[in-house]
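A look at the structure
Residues per chain, in single letters:
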Amino acid sequence: MTTTEVAERLRGDRRFQDVLGRLVEMSERDYYNPYRLFDWPDSLPDDAYWMTPELMAEHGTDVWDELPEPRRRALSKWQSINFYSLNVHGIRELLHEIVARIHTADFDVPSEYFHHIIGEENEHMWFFAAFCRRYGGKIYPPRSLRLAGPGIAGADHFLVFARLLVFEELVDVFNQRMAGDDRLHPTIRKVNEVHHQDESRHIAFGRQIVAMLHADLRERLGDGELAALEDYLKGYMRGSVASLCEPGAYRDAGIPEPYAVRRRVLASPAHAGYARRVLRRTESFMVNAGIFRTGLPESAKE
Amino acid sequence: MPASDPVAAPDGAEPVPDGLEFVLRHLRSRKPEYGDLDPDFDLIENRVLDSLGFVEFLYLLEEHTGQEISIDAVSREDFRTIRRIRERFFR
Ligand SMILES: [Fe+2]
Ligand SMILES: [Fe+2]
């Protein structure tokens, strides 16, 4: 896609500009000071759930059945630290990509809104990192390395925004549920609630831009290339769900053979159902926007 | 001990460690069309390792070297060839 093609498409779409205007207005109206918003108690109770158990990747698998209740709770703590760590690393990638595009010729139209995304994501990264360090004493290290993707010329912008949307949609499924789960400590609920508020705007933006960038690709790419993009994104979605099974979290929860445990969880039929559930929203969007010709395969395994 | 070829193990040469053997098998299974994979074959250029497959490979490497590997502490060049992987993670 040439520079002018992207810019023209974004400039020529009235609806997109209306959405951007509303999102900027909402961001200004709801602006808050994250550094003063949260109560950070010295510690959170170790014998409670830190994460909604039904949202844990192990839930319903043989691994889960074998764990005594206190071990499940310990695991929920470390899986929640892993979840927030994934957020920290996902936000690093997001910031990197948005900063690379703000006030460039292709993206003059959304640049005003990019300022809000960058500002808000910096704050999200701060509170997620604060949570991990304060209550877990660490942030789990990043696991992914950017190597070759589907290798389709001109699809870079689309792939970047599609990956970011998959990430934000998936995280939001967790945030929304955990914000309203009264088994969780108020600080945990608050972190999830605050993030969900901001992300509802980012996701509205992400859906618009991803749909537009793909509409453009449909005019220029052949069926084979579009299918390769679809396959790649489906793989990316499965990989994102698999990243919720972190061997380091099993180790910290005192569960032996953490790599074997991860393999068992990922291979379990219950986990296939879990992956479908947490990805359903993203999948529906992708199908409705014409980005996927078919839904995720029945067995959402790797 | 010959340092010239850290992967192939002719008679009297350094044997391939068990862990590395697992890792090699995994890499070969990702792209069987490339056969046995020469120690200097470019795994990244030839997409034996790509973005989506990398994490599973990393976990396998951790499991068989017994060390947690932080992406902050390595570079993509450490994964470029089997020779590099052996030098970096199986010494
Ligand atoms: Fe965020
Ligand atoms: Fe966001």
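So, how was this worked out
Residues numbered from 1 in each chain as written. Chains lettered and ligands numbered in written order. Predicted model: local features only at pLDDT ≥ 70, side-chain atom pairs only at ≥ 80, totals over all residues. Heavy atoms only, no water. Donors = N, O, S within 2.8 Å, 3.2 Å for Na, K, Ca; no water. Tetrahedral: all angles 85-135°; square planar, octahedral: opposite > 155°, others 65-115°. Helix = DSSP H or I, 4+ residues; strand = E, 2+ residues; numbered from the N terminus. Buried < 20%, exposed > 50% of the residue type's maximum accessible area, 1.4 Å probe, protein only. 1 Å grid on protein atoms, 1.4 Å probe; cavity = no way out; pocket = protein on both sides within 12 Å on 5 of 7 lines; lining within 4 Å. Points joined across faces, edges and corners; volume = space filled by probe spheres on them. Contact = heavy atoms within 4.5 Å. Nonpolar A, V, L, I, M, F, W, Y, C, P; charged D, E, K, R; others polar. Axes fitted to C-alpha atoms, helices over the stretch in contact; angles between N-to-C directions.

In the nomenclature of an unreviewed UniProt entry, chain B corresponds to Acyl carrier protein from the organism Actinomadura fibrosa.

The name given to chain A in an unreviewed UniProt entry is Diiron oxygenase, with Actinomadura fibrosa as the source organism.

1. Things to note about the coordination of the iron ion (ligand 1)
Residues and elements named next belong to chain A. Surrounding the iron ion (ligand 1) are the protein donor atoms E121 (OE), H124 (ND1), H195 (NE2) and E199 (OE), which sit 2.2 to 2.4 Å from the metal. Here the iron ion (ligand 1) binds 4 donor atoms, and the angle range of 84 to 153° at the metal identifies the geometry as irregular. When the donors of the iron ion (ligand 1) are listed by position in the chain, the intervening gaps give E-x2-H-x70-H-x3-E. In this structure, the iron ion (ligand 1) lies 3.3 Å away from the iron ion (ligand 2), the two metals sharing E121 as a donor. Placement of E121 in helix α6 (residues 111-136) and of E199 in helix α8 (residues 186-220) is noted, with a sequence separation of 78 residues between them. A relative accessible area of 1% places E121 in the buried class.

2. Structural notes on unusual backbone geometry
What you tend to see is this: most non-glycine residues have negative phi, and most peptide bonds are trans. Residues other than glycine seldom take positive phi values, yet H103 of chain A does so here, at roughly 55°. As for its position among the elements, H103 of chain A is in the loop between α5 (69-101) and α6. Even without being glycine, L37 of chain B reaches a positive phi, approximately 65°. With respect to the secondary-structure elements, L37 of chain B resides in the loop between α1 (18-30) and α2 (51-65). According to the relative accessible area criterion, L37 of chain B is buried, its value standing at 8%.

3. A closer look at empty space enclosed by the protein
All names here are of chain A. Within the structure shown, the criterion is met by 3 cavities of 30 Å³ or more. Reported here for the largest cavity is a volume of approximately 90 Å³. The biggest single contributor to the lining of the largest cavity is helix α7 (residues 156-179), with 4 residues.

4. Comments concerning the coordination of the iron ion (ligand 2)
Residue and element names in this part refer to chain A. Looking at the metal site, the iron ion (ligand 2) is ligated by E121 (OE), E168 (OE), E199 (OE), E199 (OE) and H202 (ND1), spaced 1.8 to 2.4 Å from it. The sequence pattern formed by the donor residues of the iron ion (ligand 2) is E-x46-E-x30-E-x2-H. The class for E168 is buried, based on a relative accessible area of 7%.

5. Remarks on the environment of E21 of chain B
All names here are of chain B. Mapped onto the elements of the fold, E21 is located in helix α1. You can call E21 partly exposed: its relative accessible area is 27%. Through-space distance from the C-alpha of E21 to that of H64 is 9.4 Å; in sequence the pair is 43 residues apart. Leave out the neighbours within four places in its chain, and E21 touches V16 and R28.

6. Observations concerning the layout of surface pockets
Of the pockets and cavities examined, the largest pocket occupies roughly 1,200 Å³. Lining the largest pocket we find 43 residues, and of these E93, S144, R146 and Y236 of chain A together with V55 of chain B sit closest to its centre. Breaking the lining of the largest pocket down by element, the ones donating at least two residues are α5, α7, α9 (223-242) and α11 (258-267) of chain A together with α1 and α2 of chain B. If one sorts the elements of the lining of the largest pocket by residue count, α5 of chain A sits on top with 9 residues. Each residue belonging to the lining of the largest pocket can be placed in one class, and the counts come to 17 nonpolar, 12 polar and 14 charged.

7. Digging into the packing of α11 of chain A against α2 of chain B
Packed helices, taken two at a time, are described by the angle between their axes plus the distance between the axes. Between α11 of chain A and α2 of chain B, whose axes approach to 10 Å, the crossing angle comes to 145°. Residues Y259, A260, R262, R263 and L266 of chain A of α11 of chain A form the contact with α2 of chain B, whose own contacting residues are E56, Y59, E62 and E63 of chain B. Residues of the contact of α11 of chain A with α2 of chain B, tallied by class, amount to 4 nonpolar, no polar and 5 charged.

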